[in-house]
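Analysis of the macromolecular model
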Amino acid sequence: MTNEDGNKPRVALLVTDLDNTLWDWFHAWHASFGALLDGLVAASGVERSVLEEEARAIHRRRGTTEYSWLVDELPCLQELSGKVTPREAFDDALHQQNSARLKETFLYPGVVETLTALHNAGVPVVGYTESPRFWTEWRLRTLKLDGLLEAVWSPRDHDSPKGLDPVSLRRYSAENYGLAETKHENVADGAVKPNPEVLREILAPYGVPYSEVAYIGDSLHKDIAMAQDVGVIDAHAKYGVSHEKPAYEQLRRVSHWTEADIEREKLSLPKVTPVPSYSLAKGFHELLEIFDFQSVRAAR
Ligand SMILES: [Mg+2]
């Protein structure tokens, strides 16, 4: 995969999607949400379908399927909890969810090695995700990527319930939250991929010509469409496209997506599906084979 003149394209800045590009979000979400549901069904006796239906209403209201106060707001559990909060009454189920999340969140092979190589070469890597801020930071810390990415862009967190300070619900001391080295920026409220304005805003501080910027992501309609719209080099993380059907079905049952979103997702008409310039079937590490990464400082 080379230019017409036989050289690999030179890249001085990499922008990367996070979920299903650096790690398998789909798999980890399914494992952790499934563990929560199993635990709640066992402890409460409430039917799974009732929990799912109520969860979906809350996820839609909050605009995320990773809502930290879900259990407290499920009406069927509020009724059963008596004098304590549902969070306290169903602590075991929450614990099972946390354990599953921790166990099933892992990087794809070669990600650390690739990011380290770029870091050592002086090529900045910037993350851009649609996941909320809190869980994005949790994943970056847990997977030890703090500092390997120069910056990360995400939406700000979903609103917390009135009168509830998120910090008061956290189990650890303050130094266990936030990122030490990676700079965290918020995208404008309501801005979703594939919005070219967001990507231009992410690129602006670096002053790298778009012809030397690469963008990698697993979604053809979001990531690749946005990269091509802006005119940077696009690379499809094909290895990250999830084929876990049960996970997708579970996500659909409780997703914050509206029917209109799901219809749009289904209408992936072949004629409008972008054809990626580069397709990575094996893994993130293929970036090192495809591109000639050089820092702006070294190259000029
Ligand atoms: Mg993704």
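Going along each chain's sequence as written, the residues are numbered from 1 onward. Where local features are concerned, this predicted model is filtered to residues with pLDDT of at least 70; where side-chain atom pairs are given and counted, the filter is 80 or more; whole-chain, interface and lining totals use all residues. Remark: hydrogens and water are excluded; side-chain values derive from all non-hydrogen atoms of the structure.

**Regarding the coordination of the magnesium ion**
Distances from the magnesium ion to its protein donors, D17 (OD), D19 (O) and D218 (OD), fall within 2.1 to 2.2 Å. For the magnesium ion, the single-chain donor residues occur in sequence as D-x1-D-x198-D. Here D19 is found in the loop between β2 (13–17) and α1 (25–44), whereas its partner D218 is found in the loop between β6 (213–217) and α10 (220–230), with 199 residues between them in sequence. We classify D19 as buried; its relative accessible area is 13%. Buried residues are those whose accessible area, probed at 1.4 Å on protein chains only, stays under 20% of the maximum for their type, while exposed residues exceed 50% and partly exposed ones sit between those limits. Note on D218: relative accessible area 17%, which makes it buried. Only nitrogen, oxygen and sulfur atoms count as donors, using a 2.8 Å cut-off from the metal that widens to 3.2 Å for Na, K and Ca. Water is left out, so coordination shells may look unfilled. Numbering of helices and strands runs from the N terminus, with a helix taken as a DSSP run of H or I at least four residues long and a strand as a DSSP run of E at least two residues long.

**Things to note about the sheet that holds strand β8 (residues 278–279)**
Taken in spatial order, the 7 strands line up as β5-β4-β3-β2-β6-β7-β8 in an open sheet, and their pairing is parallel. At either end of the open sheet lies a strand with only one pairing partner, and these are β5 (183–186) and β8. Note: strand β3 (residues 125–128) against strand β4 (residues 151–154), 3 bridges, orientation parallel. Bridge assignment links Y128 to a residue of β4, and that residue is W153. Helix α8 (residues 133–142) rests against β4 and β5 of the sheet, and its axis sits at about 160° to β5. Two strands are said to pair when DSSP picks up at least two bridges between them. By the convention used here, residues are in contact when the closest approach between their heavy atoms is within 4.5 Å. Every axis corresponds to a line fitted to the C-alpha atoms, with the helix fit spanning only the stretch in contact, and the corresponding angles, defined between N-to-C directions, vary from 0 to 180 degrees.

**Some details on the packing of helix α9 (residues 196–203) against α10**
With their axes 9 Å apart at the nearest point, α9 and α10 run at an angle of 65° to one another. Here α9 lies roughly perpendicular to α10, going by the angle between them. Helix-helix and strand crossings are classified by hand; for α9 and α10 the assignment is right-handed. Listed contacts from α10 to P196, L199, R200 and L203 of α9 are M226, A227, D229 and V230. In this count, Pro and Cys sit with the nonpolar residues alongside Ala, Val, Leu, Ile, Met, Phe, Trp and Tyr, while Asp, Glu, Lys and Arg are called charged and the others, Gly among them, polar. Looking at the contact of α9 with α10 residue by residue, the class counts come to 6 nonpolar, no polar and 2 charged. When describing relative orientation, an angle under 35 degrees is termed roughly parallel and one over 145 degrees roughly antiparallel, while 65 to 115 degrees is termed roughly perpendicular and anything else oblique. Crossings are classed by handedness, with left-handed meaning an anticlockwise turn of the near helix from the far one by less than a right angle and right-handed meaning a clockwise turn.

**A short note on the environment of R61**
Secondary-structure assignment places R61 in helix α2 (residues 48–62). Here R61 falls in the exposed class, since its relative accessible area comes to 57%. For R61 and H256, which are 195 residues apart along the polypeptide, the C-alpha to C-alpha distance reads 7.5 Å.

**Observations concerning helix α6 (residues 91–104)**
To estimate the expected span of a helix, subtract one from its residue number and multiply by 1.5 Å. If you check α6, its first and last C-alpha atoms are 20 Å apart, about what 14 residues at 1.5 Å a residue would give, namely 20 Å. Residues A93, L94, Q97, A100, R101 and E104 constitute the buried set of α6. Down the axis of α6, the sector holding all buried residues measures 125°, keeping them to one side. Facing away from the buried side of α6, by more than 90 degrees, are the exposed residues D92, L102 and K103. Summarising the contacts, the buried residues of α6 are in contact with α1, α3 (70–73), α5 (86–89) and α8. Read the arc as the range of directions from the helix axis to the C-beta atoms.

**Details of the pairing of β4**
Both faces of β4 are covered, namely the face carrying A151 and W153 and the face carrying V152 and S154. Crossovers are described as right-handed under a simple rule: with the strands pointing away from the observer, the path leading from the first strand over the helix to the second runs clockwise. Remark: the β3/α8/β4 crossover connection has right-handed handedness. Pairing of β4 with β5, which is carried by 4 bridges, proceeds in the parallel orientation. Note that in β5 the partner of W153 across the bridge is E185.

**Some words on the packing of aromatic side chains**
Here the distance between the centres and the angle between the planes together describe a pair of aromatic rings. What counts as a ring pair is set by centres within 6.5 Å for rings of Phe, Tyr and Trp (its six-membered ring), and what kind of pair is set by the plane angle: stacked under 30 degrees, edge-to-face over 60, tilted for all other angles. Inspection of every chain in the model, using the stated rule, returns 11 aromatic pairs. Here the aromatic rings of Y278 and F291 are separated by 5.1 Å at their centres, their planes lie at 75°, and the arrangement is edge-to-face. Note that Y278 is positioned in strand β8 and F291 in the loop between α13 (287–290) and β9 (292–293), a separation of 13 residues in sequence. Pair check on accessibility: Y278 and F291 agree, each one buried. Counting every residue linked through ring pairs, the aromatic cluster contains W25, F26, W29, F33, Y248 and W257. A positively charged side chain is recorded as over a ring if its NZ (Lys) or CZ (Arg) lies within 6 Å of the ring centre. The angle to the ring normal must also be within 35 degrees. The lysine or arginine in question, R101, covers the ring of W135, its NZ or CZ lying 3.9 Å from the ring centre.

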